[in-house]
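Structure at a glance
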Amino acid sequence: MRSIVLTKGVPDFSEGAVSFDEDGHLERGKTPTVMNPNDEFAVQAALQTKVRHGGHVSGMSMGPPGYAEVLEEAMESVYLDDSYLLSDRELAASDTWATAITLNAGLETYQEQVAEIDLVFAGFKTADGETGQTGPQTCWGMDWPIVTHVIALDVDSEERRLRAKRLVEGDVDEIETVEAPLPCFVVTDPEFEPTYRKASHRLTHKQLRAETQERAANHEEHLTTWDHVDLNLDPDYIGLDGSPTIVSSVDPIPKAPSEREATMIDPGEDDMGEVLEEMHPFAAGGDAGTGAGD
Amino acid sequence: MSTDTADREHYEAVVVGCGPGGAAAAARLAEHGVETLVLERGTEAGSKNVSGGLIYAEDSAPYTIDDLFDGFREEAAERPVTDYRIHNVAGNSVKTYDLRDLHEHDTDWCEAVLRRRMDSWLEQRVHEKTSETGGGVLTNVRVNGLLREDGEIVGVTCDELDPIGADLIVAADGVNSELARDAGLMDWEEPEEWFQGVKAVVDMDPAVIDDRFDLGEDEGAAHLFSGDLFEDVRGGGFLYTNEDSLSIGTVFHLDSLVEQQAEPHQLLDALLTHPMMARWLGDEYAEREYAAKLVPDSKKVAHPEPYQDRLVLVGDAAGQMQAQGPIIKGMNHAVTAGALAADAFAVTRGNADPEAAGRRYAKLLEDSGTMDKLRPRRYELARAVGERETVTNAVERVLDSPVGRVALGNPISNRLLERAYNSPFLVSMLPDTRTGYVTVPSIIGEQHGRTIQWETDIEPPTLEERIGELTYDTDVGNPHIELEDESFDASGAAVYACPVSAEDFGGGCYRSEEVTHNGSEETVVSLDTQPCVECGTCAIVADTTWEHPRGGKGVEYREG
């Protein structure tokens, strides 16, 4: 079983890491790059497949050379065997379309130069772009079946089919089970949970973790970088030139006004009446609170 | 998930629990080339374990832990015990006896240990060894019962994994072994069969420890305490030196705790705040961890035939915890038992009789003398007269009379008493009555003791603070204990005896409440399992359905 996980480096939006300037614009230089949080589920799905069926998992990402660290993080946390970075100045400022063209070329090049791919895993939208388009667009170029919003996955390596549970339209209450032949493109939902109900699977998982820690320490030895020449891409169709999306400006979202009012009441027994009195206007509903209490 | 036999996983041996007993069994099985899977419910071995804790290597034992695990003493232990004393306390008067002779009897070495460090080290070694024969250690997996086929035990069932078949199942799942209870080999019925221990691990700089206990390199101290420190509750206290901390605790007969309605954490505080502790604790007291554990009394519950079908019990699960007066040995017997169970399986491997290994194991326990240490025949004989209430009362009256006081109080008896305490033969006959625990030590303290003039300003943390410092991963909405009978008669004892509950404390597991029911007032007991330290006390003293939390859930000890 040969799988590829597509991943992207994004600004670390977590509290304490992210940095904004006075106008509320993201300070990219001061904010560290991390693996897109949703991609975690894609790598978990790839890992589950590897643990259950063996094989090889490669990570692939498009981005500047600094993204190698993101692939290292992926390697360490999800036990990648090796990684491929599609990196070239010509690729800068790609929108989802140009990115999909590039990733598609990456996958084709991988099939030509490395091995035939059985499964491609991608996460559900990135934390910085939030479009959810790149995965499906990349698959469209491959002309493979695609299964999105996957929350559970079972691969039959002999029959070369997969069976997946997916959320219908992202609705958590409605789950359908679908089957698809390999090779196949799988987009995981943030609800995806790997399951390991066999002791042997858990022992394999533990073994892989130990092996990967060694590998991640020397991740550069397991990294291949491809530029637009390696990928056989025409500079007119990639990067800024190949991107039909034009961002005119970015406006910060104004903060919602919030006002809070607190009344301290000593919780003596006699004061419960006072509490009730204070709360009465809210209990009645409507706007009796005059904006207080949010 | 399939439970079909065809598709079921099978290992030659499944070991449940990776404490010293499970680790010894697994290591020895691997040495015999047996494919061995070890399942541990903690997030790491040791995270669910507590002991006093001293581990012994006995000269007479067929196996010791450093036989099985090279480097154990250097890597996993704290300090060797080179100084061993007992303090008899009567009020502020304390008489100390040197117990080195007793301590060194049959002892190759003895080390103080902290279980998180020790067991997690063992887990690594066990995983290395068992990986070589096709198995390994898995953490965060709770085995919840026995898998049976046509009424015969053939494997285990787990919360996290599909059922697993095995030719040998080693239940090393501790004092609250769910497997031993599933098999009907052990129960949780009688408080007299158990002790309960609570312990504080106290932070202390290594140089300060050396100074206060007068220790050199590779030296450590063990101190025991008995007498009227704890009023009439039968039990005692201990203090052991670790590398950079002290383990200070108290251990009581559970029936005595229940009878006296004593609060375990207050008994611990009585020891911590006694003036004699001041010279060791100084002015600054920093408690790292509060912990509790149920301890089986091997004299009463060590199972003479700890097996059924392919299941064998090892360590606390089989009641193999020797507590006779100042002798407290558990982990060493678990190690011996684990290794013997593995040997028994190795020699009977391939035998069609599913009980062949179990029978051989019981015989090895007997032949190696382990069973006689756990259930000494001398105790059985002495107990028949020693523990009858009338005898106790008569002895008590004599001891308490001027004659008794002179007998115990004269200078000759002082020397004799020290010798008696150091006699393994006499100690093994000590009856479990208040005479041995309270009356004799307090008369000794009173008659021979020196009055302690130090003062102590130590304020131990409150129970609320102690619970607040513990780490929990709560299985929200899935409590592992259910209260079957909420009446005070059935379950009220838990309000006192539970080490994380107390009367008039709302933040513990058990509390009592007055409710008005059809106009009449009634006291009922309620339960919140969130602060539970999984000691098992309430399984015995209250009417509950008791299980361990799922793998990785519940309390996580950092020291243990």
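All figures in this text were calculated on a predicted structure; none of them were measured in a lab.

1. Structural notes on the side chain of E178 of chain B
All names here are of chain B. Within the secondary structure layout, E178 lies in helix α6 (residues 178–182). With a relative accessible area of 10%, E178 lands in the buried category. Among the polar contacts made by the side chain of E178, one reaches the side chain of H548 at a distance of 2.6 Å. Residue contacts for E178: discarding those within four places in its chain leaves R142, N144, D173, E547 and H548.

2. Considering the packing of aromatic side chains
All names here are of chain B. A complete count under the given rule lists eleven aromatic pairs over all chains for this structure. Among the aromatic side chains, those forming a connected cluster through ring pairs are F69, F72, W109 and W121. The ring of W188 has R181 lying over it, and the distance from NZ or CZ to the ring centre is 3.9 Å.

3. As for the state of the cysteines
Cysteine pairs can be covalently joined through their sulfur atoms, and such a bond is termed a disulfide. Residue and element names in this part refer to chain B. Tallying each qualifying case throughout the model produces zero disulfides over all chains. Between C535, a cysteine without a disulfide, and C498, which holds the nearest cysteine sulfur, the sulfur-to-sulfur distance is 6.0 Å. With a relative accessible area of 8%, C535 lands in the buried category.

4. Here's the deal with the UniProt feature "domain: FAD-binding" (unreviewed entry) in chain B
Summarizing the sequence annotation, UniProt attributes the feature "domain: FAD-binding" (unreviewed entry) to residues 11–355 of chain B in the numbering used throughout. With 28% helix and 34% strand, residues 11–355 of chain B has its two end C-alpha atoms placed 17 Å apart.

5. Digging into the interface of chain B and chain A
The interface of chain B with chain A comprises 19 residues on the first partner and eight residues on the second. When chain B packs against chain A, the two sides together hide about 1100 Å² of surface, and 49% of this comes from carbon and sulfur. Between the two partners, chain B and chain A, sit two salt bridges. Across the chain B-chain A interface, the total number found is ten residue pairs in polar contact (both at pLDDT 80 or more). Every element with two or more residues in the side of chain B that touches chain A is listed here: β1 (9–16), α5 (115–131) and β8 (136–138) of chain B. Per-element tally for the side of chain B that touches chain A: the top contributor is β8 of chain B, with three residues.

6. Let's talk about the side chain of T49 of chain A
Residues and elements named next belong to chain A. The residue T49 is located in helix α1 (residues 39–53) in this model. Take T49: its relative accessible area is 3%, and that puts it in the buried class. Here A45 takes part through its backbone oxygen, which lies 2.9 Å from a polar atom of the side chain of T49. When residues no more than four places from it in sequence are discounted, the contact partners of T49 are M1, G54, L119, F121, L153 and V155.

7. Quick look at the sheet that holds strand β3 (residues 54–58) of chain B
Hydrogen bonding along the main chain pairs the strands of a sheet, whether they run parallel or antiparallel. Residues and elements named next belong to chain B. Spatially, three strands are ordered β3-β7-β4 in an open sheet, and the strand pairing comes out antiparallel. Of all strands in the sheet, those with a lone pairing partner are β3 and β4 (79–80), marking the two edges. Examined bridge by bridge, β4 and strand β7 (residues 107–112) share two bridges and lie antiparallel to one another. Counterpart to P80 in the pairing with β7 is E111.

8. What about helix α12 (residues 331–348) of chain B?
Residue and element names in this part refer to chain B. With 18 residues, α12 ought to run about 26 Å at 1.5 Å a step, and its terminal C-alpha atoms sit 26 Å apart, in line with that. Taking burial as the measure, the 18 residues of α12 include 16 buried ones, the bulk of the element. Positive phi appears at G350, one or two residues downstream of α12, with a value of about 90°.

9. Here we look at the sheet that holds strand β15 (residues 245–253) of chain B
All names here are of chain B. Overall, mixed pairing links the eight strands, which are arranged β16-β12-β15-β14-β13-β5-β6-β21 in an open sheet. In this open sheet, the two strands that pair with only one neighbour each are β16 (287–296) and β21 (450–451). Against the sheet, helix α9 (residues 264–272) touches β12 (194–203), β13 (221–227), β14 (235–241), β15 and β16, its axis set at about 130° to β15.

10. Here's the deal with the pairing of β16 of chain B
All names here are of chain B. The buried count for β16 comes to nine of ten residues, which makes it a mostly enclosed element. The pairing of β12 with β16 spans nine bridges and is classified as antiparallel. Within β16, the residue paired with F195 across the bridge is V295.

Reading guide: rules and limits
Residues numbered from 1 in each chain as written. Chains lettered and ligands numbered in written order. Predicted model: local features only at pLDDT ≥ 70, side-chain atom pairs only at ≥ 80, totals over all residues. Heavy atoms only, no water. Helix = DSSP H or I, 4+ residues; strand = E, 2+ residues; numbered from the N terminus. Buried < 20%, exposed > 50% of the residue type's maximum accessible area, 1.4 Å probe, protein only. Polar contact = N/O pair within 3.5 Å; in protein donor to acceptor, adjacent residues only side chain to side chain. Contact = heavy atoms within 4.5 Å. Phe/Tyr/Trp six-rings, centres within 6.5 Å; stacked < 30°, edge-to-face > 60°. Lys NZ or Arg CZ within 6 Å of the ring centre and 35° of its normal. Disulfide = S-S within 2.5 Å. UniProt positions renumbered as here; feature names shortened; annotations may be inferred. Buried area = accessible area lost by both parts, 1.4 Å probe. Salt bridge = Lys/Arg side-chain N within 4 Å of Asp/Glu carboxyl O. Pairing = 2+ DSSP bridges. Expected span 1.5 Å × (residues − 1). Axes fitted to C-alpha atoms, helices over the stretch in contact; angles between N-to-C directions.

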